[in-house]
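Survey of secondary and tertiary structure
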Amino acid sequence: MSRRRSLMSHQLKEELAKELGFYDVVQSEGWGGIKAKDAGNMVKRAIELAERQLVQNNKIK
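Computed from a predicted structure; not experimentally measured.

Moving on, we get to the pattern of salt bridges. Scanning all chains against the criterion turns up two salt bridges. A salt bridge links Arg 45 to Glu 19; its shortest N-O distance comes to 2.6 Å. Of this pair, Arg 45 sits in helix α3 (residues 36–60) while Glu 19 sits in helix α1 (residues 10–20), and the two are 26 residues apart along the sequence. Residues Arg 45 and Glu 48 are paired through a salt bridge, measuring 3.4 Å at the closest nitrogen-oxygen approach. With Arg 45 and Glu 48 both in helix α3 and three residues apart, the pair spans about one turn of that helix. When salt bridges that share partners are traced, they join Glu 19, Arg 45 and Glu 48 into one network.

Structure below.
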């Protein structure tokens, strides 16, 4: 079985889980214990942050 490489750093995933309010589940059950909805919200938030960073970087140039 192959293992997927994460595109988000462990630190970013933890920060997002804390921000979105399910970090306690991660601590007690691991990443496999979170709901699909929470995982989706985490990805959505990561995309929002990345888009915001791209916009800011383009304003600087």
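Structurally, Asn 57 can be placed in helix α3. With a relative accessible area of 37%, Asn 57 lands in the partly exposed category. Residues Asn 57 and Trp 31, 26 residues apart in the sequence, show an inter-C-alpha distance of 31 Å.

A separate point is the packing of α1 against α3. Describing two packed helices takes the angle between their axes plus the distance from one axis to the other. At a minimum axis distance of 10 Å, the contact between α1 and α3 shows a crossing angle of 110°. One finds that α1 runs roughly perpendicular with respect to α3. Classified by chirality, the crossing of α3 by α1 is right-handed. Residues Lys 13, Leu 16, Glu 19 and Leu 20 of α1 lie in contact with α3, whose contacting residues are Asn 41, Met 42, Arg 45, Ala 46 and Leu 49. Partitioning the contact of α1 with α3 into residue classes produces five nonpolar, one polar and three charged.

Analysis parameters
Residues numbered from 1 in each chain as written. Predicted model: local features only at pLDDT ≥ 70, side-chain atom pairs only at ≥ 80, totals over all residues. Heavy atoms only, no water. Salt bridge = Lys/Arg side-chain N within 4 Å of Asp/Glu carboxyl O. Helix = DSSP H or I, 4+ residues; strand = E, 2+ residues; numbered from the N terminus. Buried < 20%, exposed > 50% of the residue type's maximum accessible area, 1.4 Å probe, protein only. Axes fitted to C-alpha atoms, helices over the stretch in contact; angles between N-to-C directions. Parallel < 35°, antiparallel > 145°, perpendicular 65-115°, else oblique. Left-handed = near helix turned anticlockwise from the far one by under 90°. Contact = heavy atoms within 4.5 Å. Nonpolar A, V, L, I, M, F, W, Y, C, P; charged D, E, K, R; others polar.

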